[in-house]
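Residues per chain are reported as follows:
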Amino acid sequence: MYLALSIGTAGFVLAYPQSSFADDILRNKDFLQLPAGDRNVWLDGAMLMAGHMVHLHDSEKARCAWNWYFDNPAKAQATLLASMQTYPQSTPTGVIIAHLRKACGEPLIAGESE
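All values derive from a computational prediction rather than experimental measurement.

A. The arrangement of the nonpolar core in detail. Counting 18 residues, the largest nonpolar core has Leu43, Tyr69, Leu80, Met84, Ile96 and Leu100 as the members making the most contacts within it. Within the residue set of this core, elements represented by two or more residues are helix H3 (36-55), helix H4 (59-70), helix H5 (73-86) and helix H6 (92-104). If we ignore the near neighbours within four places in the chain, the residues touching methionine 84 are Asn28, Phe31, Leu32, Leu43, Pro92 and Val95.

Put into structure tokens, the structure is as follows:
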């Protein structure tokens, strides 16, 4: 049975090749090509989600994350976009996490490696 499952799985993978995960990652250089409105909406959503993820572990750091961004979204967006221009091969999420770690302390989430 396990052999049949393995052969079946291998056949599926060969019949339906997948692009590598790395090919599908949104890079800063690509993010910066999006229209400004789309970038702003994406950043708003990413910051809300980041705050919620941090809140599961530390409500004070979550408040810090939300305040860092939502107290002055235009300033925070300019800061994030400048970092994305500096690091075009990195990812928007990586830039967000780096800035939140700098603003709110490390680790952002308990148990996260520093």
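Structure's up, so let's keep going.
B. Representation of the environment of lysine 61 in the model. With respect to the element layout, lysine 61 can be found in helix H4. For the pair lysine 61 and glutamate 106, spaced 45 residues apart in the sequence, the C-alpha separation amounts to 9.5 Å. Excluding anything up to four places from it in sequence, lysine 61 contacts Val54, Cys104, Gly105, Glu106, Pro107 and Leu108.

C. Geometry of the pattern of salt bridges. Taken as a whole, this structure holds one salt bridge when the rule is applied. Between arginine 63 and glutamate 60 there is a salt bridge whose closest N-O contact spans 3.1 Å. Here arginine 63 pairs with glutamate 60, and both are found in helix H4, just three residues apart, close to one helical turn. A relative accessible area of 53% means that glutamate 60 is categorised as exposed.

D. Spotlight on the side chain of glutamine 77. Residue placement: glutamine 77 occurs in helix H5. The class for glutamine 77 is buried, based on a relative accessible area of 12%. Leave out the neighbours within four places in its chain, and glutamine 77 touches Asn40, Leu43, Asp44 and Tyr69.

E. Fine view of the packing of H3 against H4. Remark: H3 packs on H4, axes separated minimally by 7 Å, with the N-to-C direction vectors making an angle of 165 degrees. By the angle between their axes, H3 is roughly antiparallel relative to H4. Both H3 and H4 take part in a crossing whose hand is left-handed. Seen from H3, the contacting residues are Asn40, Leu43, Asp44, Met47, Leu48, Gly51, His52, Val54 and His55; seen from H4, they are Ser59, Lys61, Ala62, Ala65, Trp66, Trp68, Tyr69 and Phe70.

F. Highlighting the environment of cysteine 104. You can see cysteine 104 is positioned in helix H6. Considering only alpha carbons, one finds cysteine 104 and alanine 65, 39 residues apart in sequence, at a separation of 6.6 Å. When sequence neighbours within four positions are dropped, the list of residues in contact with cysteine 104 reads Lys61, Cys64 and Ala65.

G. The arrangement of the layout of surface pockets in detail. In this structure, the largest pocket spans a volume of roughly 190 Å³. What lines the largest pocket is a set of 12 residues, among which Ala50, Met53, Thr93, Ile96 and Ile97 lie closest to the centre. Of all the elements in the fold, those that place two or more residues in the lining of the largest pocket are H3 and H6. Per element, the largest residue contribution to the lining of the largest pocket is five residues, and it comes from H3. Classifying every residue of the lining of the largest pocket gives 10 nonpolar, one polar and one charged.

Criteria and cut-off values
Residues numbered from 1 in each chain as written. Predicted model: local features only at pLDDT ≥ 70, side-chain atom pairs only at ≥ 80, totals over all residues. Heavy atoms only, no water. Core = buried A, V, L, I, M, F, W, Y, C linked by side-chain atoms within 4.5 Å. Buried < 20%, exposed > 50% of the residue type's maximum accessible area, 1.4 Å probe, protein only. Helix = DSSP H or I, 4+ residues; strand = E, 2+ residues; numbered from the N terminus. Contact = heavy atoms within 4.5 Å. Salt bridge = Lys/Arg side-chain N within 4 Å of Asp/Glu carboxyl O. Axes fitted to C-alpha atoms, helices over the stretch in contact; angles between N-to-C directions. Parallel < 35°, antiparallel > 145°, perpendicular 65-115°, else oblique. Left-handed = near helix turned anticlockwise from the far one by under 90°. 1 Å grid on protein atoms, 1.4 Å probe; cavity = no way out; pocket = protein on both sides within 12 Å on 5 of 7 lines; lining within 4 Å. Points joined across faces, edges and corners; volume = space filled by probe spheres on them. Nonpolar A, V, L, I, M, F, W, Y, C, P; charged D, E, K, R; others polar.

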